Amino acid sequence: MHRLLFALLAVSSFGNTLKPATALRLDESALIEAIKKQRAKSADGSWSPALCELTREWAKAMASRYKVSTSPSGHDGWSGVPNSRSERALNATQAAVASEVLASTYGFEKELWEHANSCVLGWLESGSHRREVMMKHDHFCFSMEKGGDGKYYCAGIFTDQRK
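**Observations concerning the sheet that holds strand β1 (residues 46-47)**
- Ordered in space as β1-β3-β4-β2, the four strands form an open sheet in which the pairing is mixed. With partners counted over all chains shown, the strands left at the sheet margins are β1 and β2 (97-104), one partner each.
- Sheet analysis places strand β3 (residues 139-146) next to strand β4 (residues 152-160), joined by eight bridges and oriented antiparallel. By the bridge assignment, Cys 141 is partnered in β4 with Ile 157.
- Together, β3 and β4 form the strand contacts of helix α2 (residues 26-38), whose direction differs from that of β3 by roughly 120 degrees.
- The sheet strands contacting helix α5 (residues 112-124) are β2, β3 and β4, and the helix crosses β4 at an angle near 55 degrees.

Below is the structure:
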């Protein structure tokens, strides 16, 4: 119970645009809290339910096959295919630019917040992922799903009006 309360408090303090706090799942709240701890300022931008549909869908797909991606680039289906995630993200938020970050945990983490931290710290170790996670975006969402291998698979999608 105290973890759920912590997550709801964390989400409700994330920004003025999050209403109601219960719209996020506990795992998504943990990811956002882990990111907040790493950011120099409070989160900016607007949490997007439409982007959450995409991040949930992609995290679930990765978890179901127990790997972050099947393509060498790590982002299969992001662009260059009909009805790609980037195209759907841009259409859903009426934005000009879209980006995503993906990660998986190691599997030895025990608590949900440890899995969330593991994904975020992995993103922060990569320059391009760090830039996306740390910068202000007009719209964003993060999600994670647990795979049968015990690891969590994390996804974040961001969209912006500026190029």
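**With respect to the packing of aromatic side chains**
- Under the definition given, this model contains four aromatic pairs.
- On the numbers, 5.9 Å between centres and 40 degrees between planes, the contact of Trp 123 with Phe 142 is tilted. Here Trp 123 is found in helix α5, whereas its partner Phe 142 is found in strand β3, with 19 residues between them in sequence.
- Residue classification places Trp 123 among the buried residues on the basis of a relative accessible area of 1%.
- Look at Phe 142 and you get buried, because its relative accessible area is 3%.
- Through pairs of rings, three or more aromatic residues link up here, namely Trp 123, Phe 140, Phe 142 and Phe 158.
- When the ring centre of Trp 58 is taken as reference, the NZ or CZ atom of Arg 85 above it lies at 3.7 Å.

The rules behind the values
- Residues numbered from 1 in each chain as written.
- Predicted model: local features only at pLDDT ≥ 70, side-chain atom pairs only at ≥ 80, totals over all residues.
- Heavy atoms only, no water.
- Pairing = 2+ DSSP bridges.
- Helix = DSSP H or I, 4+ residues; strand = E, 2+ residues; numbered from the N terminus.
- Contact = heavy atoms within 4.5 Å.
- Axes fitted to C-alpha atoms, helices over the stretch in contact; angles between N-to-C directions.
- Phe/Tyr/Trp six-rings, centres within 6.5 Å; stacked < 30°, edge-to-face > 60°.
- Buried < 20%, exposed > 50% of the residue type's maximum accessible area, 1.4 Å probe, protein only.
- Lys NZ or Arg CZ within 6 Å of the ring centre and 35° of its normal.

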